[in-house]
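# Understanding the architecture of this molecule
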There are 2 protein chains.
Amino acid sequence: MIYKKRTHTCGELRLADENKNITLNGWVSKKRDLGGLLFIDLRDRYGITQLNIHPSKKDVYDKAEKLGNEFVISVTGKVIKRESINKNIATGDIEIDVDVLEVLNESLVPPFVIEEDVKASDELRLKYRYLDLRRKSVTDNLIVRSRVYNIIHRYFEKHNFLEIETPILMKSTPEGARDYLVPSRVHKGKFYALPQSPQIYKQILMLSGIDRYVQICKCFRDEDLRADRQPEHTQIDLEMSFVTQDDVFEIIEGMFHAIWKEIKNIDLTIPFKRMTYDEALQTYGIDKPDLRIKGDVKIENITEVVKGSEFKVFNDVIESGGMVAGIKLSGQEVSRKTIDGLTEFIKKLGFGGFGYLKYNADGTVQSPMTKFLSEEIIANIKKAFNANDSDTVFILSGEKKKVLLALGQLRLKLAEDFKLRDETKFEFVWITDFPLFHYDEEAKKFESEHNIFTSPKDEYLKFMDSRDVKEVESIRANCYDIVLNGFELASGSIRINKPEVQKKVFDMIGMSDDEAKMKFGFMLDAYTYGAPPHGGAGIGLDRIIAILCGLKSITDTIAFPKTLKASSLMDECPSEVSKEQLDELGIEISKKE
Amino acid sequence: MIYKKRTHTCGELRLADENKNITLNGWVSKKRDLGGLLFIDLRDRYGITQLNIHPSKKDVYDKAEKLGNEFVISVTGKVIKRESINKNIATGDIEIDVDVLEVLNESLVPPFVIEEDVKASDELRLKYRYLDLRRKSVTDNLIVRSRVYNIIHRYFEKHNFLEIETPILMKSTPEGARDYLVPSRVHKGKFYALPQSPQIYKQILMLSGIDRYVQICKCFRDEDLRADRQPEHTQIDLEMSFVTQDDVFEIIEGMFHAIWKEIKNIDLTIPFKRMTYDEALQTYGIDKPDLRIKGDVKIENITEVVKGSEFKVFNDVIESGGMVAGIKLSGQEVSRKTIDGLTEFIKKLGFGGFGYLKYNADGTVQSPMTKFLSEEIIANIKKAFNANDSDTVFILSGEKKKVLLALGQLRLKLAEDFKLRDETKFEFVWITDFPLFHYDEEAKKFESEHNIFTSPKDEYLKFMDSRDVKEVESIRANCYDIVLNGFELASGSIRINKPEVQKKVFDMIGMSDDEAKMKFGFMLDAYTYGAPPHGGAGIGLDRIIAILCGLKSITDTIAFPKTLKASSLMDECPSEVSKEQLDELGIEISKKE
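Scoring rules and cut-offs
Residues take numbers from 1 onward in each chain, read along the sequence in its written order. Labels follow written order: the first chain is A, the first ligand is 1, and so on. In keeping with the model being predicted, local features are shown solely for residues with a pLDDT of at least 70 and side-chain atom pairs are shown and tallied solely at 80 or more, while totals for entire chains, interfaces and linings include all residues. Note that the side-chain values use all heavy atoms of the structure and ignore hydrogens as well as water. Least squares is the method used to superpose the copies, on C-alpha atoms of residues holding a pLDDT of at least 70 in both. Any two residues having at least one pair of non-hydrogen atoms within 4.5 Å are treated as being in contact. Angles shown run from 0 to 180 degrees and are taken between the N-to-C directions of axes, each axis being a line fitted to C-alpha atoms and, for helices, limited to the stretch in contact. The secondary structure listing takes helices from DSSP runs of H or I that are at least 4 residues long and strands from runs of E that are at least 2 residues long, numbered from the N terminus. With respect to orientation, any angle under 35 degrees is reported as roughly parallel, any angle over 145 as roughly antiparallel, any angle of 65 to 115 as roughly perpendicular, and every other angle as oblique. Should the near helix be turned counterclockwise from the far one by less than a right angle, the crossing is left-handed, whereas a clockwise turn marks it as right-handed. All residues other than Ala, Val, Leu, Ile, Met, Phe, Trp, Tyr, Cys, Pro, Asp, Glu, Lys and Arg, Gly among them, are scored as polar; the first ten of these are nonpolar and the last four charged. Once two parts are joined, some of their accessible surface, as seen by a 1.4 Å probe, is lost; buried area is that loss totalled over both. What makes a salt bridge here is a side-chain nitrogen of Lys or Arg within 4 Å of a carboxyl oxygen of Asp or Glu, nothing more. Here the rule is simple: two strands pair whenever DSSP picks up at least two bridges between them. Only protein chains enter the accessibility calculation, which uses a 1.4 Å probe. A residue is then buried if its area is under 20% of the maximum for its type, exposed if over 50%, and partly exposed in between.

Time to look at the relation of the copies chain B and chain A. Superposing chain B onto chain A takes a rotation of 180° combined with a translation of 0.0 Å along the rotation axis, leaving an RMSD of 0.1 Å. These values place the two chain copies in the arrangement generated by a two-fold rotation axis. By residue overlap, the copies meet face to face through one surface: 100% of the interface positions of chain B are interface positions in chain A.

Spelled out as structure tokens, the structure:
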């Protein structure tokens, strides 16, 4: 196809280019007829340039009149100064006085108008994803994503990491209930699995002496998709040898610093805050605290403060080893309706209700509990929360962890309802020292909280032979998450590298040598040939891009996303395949449901 | 795990570091006892450093004596000048006078010694891939690979390409006989396919206005693996809008230039040579000519030269429209045994044998054909080949394409047998102007030679409505390969962007509108909404790395390769999965075979 190729892009020309003869190629984004004069907004990835088509150039004008939206054209003409400047676009000072117009391709009328304020359902936009992607805001997300890749590649290259591809066709693990399986044609009746993460490969790479590994890779989970999950997501995967937790933190913090600097021109404060899992739970009732919430709404344990009151609810809880705790909402008008709404919310979390104390501006206290609590206790509660007049304190009592988690949820609910989040902030925090095991009351056995290669902290090794629930549950792991604005972005650990410690973990969870060998086979072998100390993390890229682009959902950070039902509306997959294809693979679709 | 972390790597210390107190972490690569003095080669990814352990430091010495190969240790000591310098390693001027030695991990005796000249079968090395990867040469290949990724990322970023991930879970295409399928759990009875290439997505991205796309991505083919194929291979995938073939060439040439410059410090001559498919076939009898062959062994068509001889074989061939052609081997001793070997070779290609003319140093000609050919013809053949004394000309006759392909094979065979390849050379060449269709004599219909979006060259559009075999087979496509040293590295085309041209292609291959819609569904729709002119290529990364590293096979360019049977010997996949897993997916393994 022979045509006049562009000399410039549609985002490039400025006043300095005045009088130049140029050629542009692009899409007709908008056409306006202003009393004989035709104006066209010509669009490409780089921007929009206005074309001015004068009726005196009859040939061009006649062609231009027939153009529809989304036609692809090539125009040649002179850059001229615009009469009315458009400050909204980078090329707004100029327009093109068109001399030659060539139609490179026509377009049917699109099913929706391609504009920022798009009026089409999500379904329609996903079906015609190629049209939706023409919108600047969607393209811009992909541009940010591409820039972030490049920052990441450059950053890890500078730090001597090797980028290594790990297999997509791997072995299904026995825990792999959510593995996507791939039938093998060559080995009928056998299957590959798609990786839920390259975990085993990156550990193997450390055993191979690779020292520093990174990869931006796809991970797959065939699970019932919750809001904002995708069957395939992208992970920045890394692993390092001869390191401690601090080394891993430093590398990852540096990466985030580089990304935020280049994309947002923000100098993140590093090192990031650190908080143990216990502290996060006790202070924020969640292991991924959103630290953007103004007024620093925190959980206060007031069990000791209310001890000895005449309130039976509290006394029963305290007697059975439970907890009384609350959070404070500062300086907000809390109406009856608000209280009712919050009560509904708390009931859904399995509580009968909550207590509250409203410290009025006039010094009085409004509370359903005043009749049960002495003035001294009410004053002490106020002191415990450091509450001022016009603050409200919400109180829950019950089993300790349940109370903390509910208060954590209540905190987020208050932040949402009262708009307490500072949306301009990026609050990173490392959550560390997660528990290694928990006791499953039903199964009457200990279970690993993380992958079985996660190492216990040295100071807890003494409990690795204990079977006392309290002692074992107290064991803390060299395991960490990075949380940004309440989202868990990354998770990692320092791995067990000694077979004898690994054995203790298997013993703890009641796994026999045979079972361990069956399940983890070659990995256990591999660790007997000189495994270095090593650790790393997997960092969710999609969420990072969503936060950088100010998107609520990760969908628009992905060029071709799938729906919550794991379908692609554009190419209509998954789809039925022919019997011949299945025969080739030696599988059949089950008749029974 | 608390231990002394390294201050330096094992490849880092030099004479300038003399007397520094340092700590190294690494693997015991070799231990030598020289009359009381212990020497250890300590290895990590970065190199090897010699440790000197003096018996006067009893504690250290006792520990060191117990070390086995592949133990992981931390040592602290002083950098001292070595008495006998080792010029083979970068740290060969120094050694470490060890004061502290800590064993970080032990190792069983490995199943093979980890050394460059490894004495283990391929199978054993693949099973213990993590040990084989500890060998410097294997790690070095991965380092080159990682460096090449970074060069590519940087190069395309500089040229304004967006790196965009396309889905791994996609729709199975009707041509997808070699698709890996993935059963869907959510939509039972339906399947995804793994991409054989991101072709449809990159074209869609051009329709989306992305303008310049690149991705380093995995592609999958469930085929019977020929030598040196992998079920998953890596492709540098790119596509550009508003371009012609020359623009695509320029970008790709620039990429190769950047890679060769940085990895080999070689300035490749760009632009690369170009050769049409017809020229390649007629000159080298193959569409991926190896241009390293010395003496420039080329095919000469001597049909006209031998016309009118009394040789029935030639005459019959010429009468039936066939061809007589040959290649010349210069200045090599061609023995009876060689002739016999080559005859065997040619017979396997479906010929009765071949003719040859050996021009002896004494001026005589040795040939089984002399009795059928006049002296004049023999002289003219010599002239046609520009042959000198001591050259040999090999001649075949038969159907034109068959003769050319056989001579192409013979050329490679001679290059191999007589070591005619200049192994130091990197001979890049673009092969262009491939045919768009061929006529299938059996099916009595035309078939596409490439993917159905490949565009015909403008000057052949006139034949798109013809059904004359000769005319249709003469249609040349905007389709190109890049060939390096006889390997096809990349393949691409300028795509059809006009629905009316696409329709002509479907008509040509006898595909009805309904069938086209069923097979290519949304893609055809997409092209009705203003598709820009666009084109691109897919470039095989594994082979590039193999050539850069001087490897015959791509296996060692991949961290975790599979065997020719598409198995991983390390993690033993593919493998059987549980009935529960299959039930979840709603599939069964066929009973029948």
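Next comes the rest of the description.
What follows is about the packing of helix H14 (residues 499-508) of chain B against helix H15 (residues 513-526) of chain B. Residues and elements named next belong to chain B. Running from N to C, H14 and H15 cross one another at 140°; their axes reach a closest spacing of 11 Å. Between H14 and H15, the angle is such that the two are oblique. As for how H14 packs across H15, the hand of that crossing is right-handed. In this structure, H14 contributes Gln502, Lys503 and Phe506 to the contact, and H15 contributes Asp513, Ala516, Phe520 and Leu524. Classifying every residue of the contact of H14 with H15 gives four nonpolar, one polar and two charged.

What follows concerns the interface of chain B and chain A. Facing the 130 residues of chain B at the interface are 131 residues of chain A. Roughly 11,800 Å² of surface becomes buried between chain B and chain A when both sides are summed, with 55% attributable to carbon and sulfur atoms. When the area that chain B buries against chain A is broken down by residue, the three leading residues are Glu165, Phe242 and Tyr529 of chain B, summing to 7%. On inspection of chain B and its partner chain A, the count reaches 12 salt bridges. Two residues, Arg6 of chain B and Asp211 of chain A, come together in a salt bridge whose shortest N-O distance is 2.7 Å. Looking at the side of chain B that touches chain A residue by residue, the classes come out as 63 nonpolar, 28 polar and 39 charged. Across three bridges, the pairing between strand S23 (residues 587-589) of chain A and strand S23 (residues 587-589) of chain B is antiparallel. The residue bridging Glu588 of chain A from the neighbouring strand is Glu588 of chain B, located in S23 of chain B.

Residues and elements named next belong to chain A. Along strand S14 (residues 355-359), five of the five residues are buried, which leaves the element largely enclosed by surrounding structure. Here S14 shows two buried faces, one formed by Gly355, Leu357 and Tyr359 and the other by Tyr356 and Lys358. Note: S14 against strand S16 (residues 392-398), four bridges, orientation antiparallel. Of the residues in S16, the one forming a bridge with Lys358 is Thr392. Examined bridge by bridge, S14 and strand S15 (residues 365-366) share two bridges and lie antiparallel to one another. Bridge pairing links Lys358 to Gln366 in S15.

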